[in-house]
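Fold and geometry: a report
Chain by chain, the residues:
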Amino acid sequence: GLGRVWRDDFMYLSKVSTKSSHARLAQGGPLAELIAFMKREAEHIDAFLAKLGIAACQMEISVSDLSARLTAVGFEGDALRAAAHAARSSGGSRVTVEVLRSLLAGERPRDAASTIASLAPPVAMRIRPPPMYKEAWNDSVDDLSRKNMSKCHSVRSYFDRSRKE
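The model shown is predicted, which means the values in this text are computed figures rather than measured ones. (Residues numbered from 1 in each chain as written. Predicted model: local features only at pLDDT ≥ 70, side-chain atom pairs only at ≥ 80, totals over all residues. Heavy atoms only, no water.)

In this section: the overall build of the protein. Counting secondary structure elements, the protein contains eight helices and two strands. The secondary structure elements of the protein, listed N-terminal to C-terminal, are α-α-α-β-α-α-β-α-α-α. Buried residues in the protein amount to 23% of all 165 residues. Of the contacts made within the protein by residues no fewer than 6 positions apart, 48% connect residues no fewer than 24 positions apart. (Helix = DSSP H or I, 4+ residues; strand = E, 2+ residues; numbered from the N terminus. Buried < 20%, exposed > 50% of the residue type's maximum accessible area, 1.4 Å probe, protein only. Contact = heavy atoms within 4.5 Å.)

What follows is the structure, encoded as structure tokens:
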């Protein structure tokens, strides 16, 4: 080259190149953009979370709140899509800070189903509905019209009401 390579040149290369120096960013997408943004803006994940206004004692954040905070700190990618992707990894409409940390570190978060299953009460504590018993098959022919002919017009029934609860 004719001169020095500046940081902006590397940023340009990362946008136009399909290869990445980090294997975890090779997929692209909103989370990869978020990880790259986090690395540019802060030295550590905790510093980035503090810049977002997420306190150390905070356990979770809503998708819309995370999206708004990412936009406020200057994230140029699709903040809502990145926040929604993080929420899917958390198993709902809210993003846990633990999952957000692991995503920003480039790790794959634990399976959301196992996280949700671990929150369910033990089997002995679950309230079970009483079992529903099915009536035995009745293969006879019921002639409702013969029964109705002997009744007054106001009390005739045209549908079987015995099964109503």
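There's more to say after this.
Bringing helix H6 (residues 97-104) into the picture now. The element H6 is extensively covered by neighbouring structure, given that six of its eight residues are classed as buried. Where H6 is concerned, the buried positions are Val 97, Val 99, Leu 100, Ser 102, Leu 103 and Leu 104. Buried residues along H6 sit in contact with helix H2 (30-41), helix H3 (45-52), strand S1 (60-62), helix H4 (63-72), helix H5 (79-90) and strand S2 (94-96). A positive backbone phi angle near 85 degrees is found at Gly 106, which sits one or two residues after H6.

Attention now goes to the environment of Ala 86. Residue position: Ala 86 is located in helix H5. Under the relative-accessibility criterion, Ala 86 is labelled buried at 1%. The spacing of Ala 86 and Leu 66 is 20 residues in sequence and 9.7 Å in space, taken between C-alpha atoms. Filtering out sequence-adjacent residues up to four positions away, Ala 86 remains in contact with Val 95, Val 99 and Leu 103.

This next bit is on the confidence of the model for the protein. Per-residue confidence for the protein gives a mean pLDDT of 76; residues scoring 70 or more make up 74%. When mean pLDDT is taken per element in the protein, H4 scores highest with 92 and helix H7 (residues 112-119) scores lowest with 50. In this model residues 22-26 is a low-confidence stretch, pLDDT under 50, and it forms nine contacts with partners more than four residues away in sequence or in other chains. (pLDDT = per-residue confidence, 0-100.)

Moving on to the nonpolar core. Formed by 25 residues in total, the largest nonpolar core has its most connected members in Leu 34, Phe 48, Leu 66 and Leu 70. Among all residues touching Leu 66, those that are not within four sequence positions of it are Leu 52, Ile 61, Ala 83, Val 95 and Leu 100. (Core = buried A, V, L, I, M, F, W, Y, C linked by side-chain atoms within 4.5 Å.)

Axis separation between H2 and H3 bottoms out at 9 Å; the angle between their running directions is 95 degrees. Overall, the two elements H2 and H3 adopt an arrangement that is roughly perpendicular. Together, Leu 34, Phe 37, Met 38 and Glu 41 of H2 and Ile 45, Phe 48 and Lys 51 of H3 make up the contact between the two elements. (Axes fitted to C-alpha atoms, helices over the stretch in contact; angles between N-to-C directions. Parallel < 35°, antiparallel > 145°, perpendicular 65-115°, else oblique.)

Right, let's talk about the packing of aromatic side chains for a bit. One pass over the full model with this rule turns up two aromatic pairs. Ring plane angle 65 degrees and centroid distance 5.4 Å describe the contact between Phe 37 and Phe 75, whose orientation is recorded as edge-to-face. Here Phe 37 is found in helix H2, whereas its partner Phe 75 is found in the loop between H4 and H5, with 38 residues between them in sequence. By the burial criterion, Phe 37 is buried, and Phe 75 matches it. Taken together, the aromatic side chains of Phe 37, Phe 48 and Phe 75 make up a single cluster linked through ring pairs. (Phe/Tyr/Trp six-rings, centres within 6.5 Å; stacked < 30°, edge-to-face > 60°.)

Moving on, we get to the pattern of salt bridges. Inspection of every chain in the model, using the stated rule, returns four salt bridges. Residues Asp 46 and Arg 101 are paired through a salt bridge, measuring 2.1 Å at the closest nitrogen-oxygen approach. Of the two residues, Asp 46 is situated in helix H3 and Arg 101 in helix H6; the sequence distance between them amounts to 55 residues. For Asp 46, a relative accessible area of 47% corresponds to the partly exposed category. Given the relative accessible area of 32%, Arg 101 is considered partly exposed. Note that Arg 94 and Glu 60 form a salt bridge whose closest N and O atoms lie 2.9 Å from each other. Of this pair, Arg 94 sits in strand S2 while Glu 60 sits in strand S1; the two residues are 34 residues apart in sequence, bridging distant segments of the chain. (Salt bridge = Lys/Arg side-chain N within 4 Å of Asp/Glu carboxyl O.)

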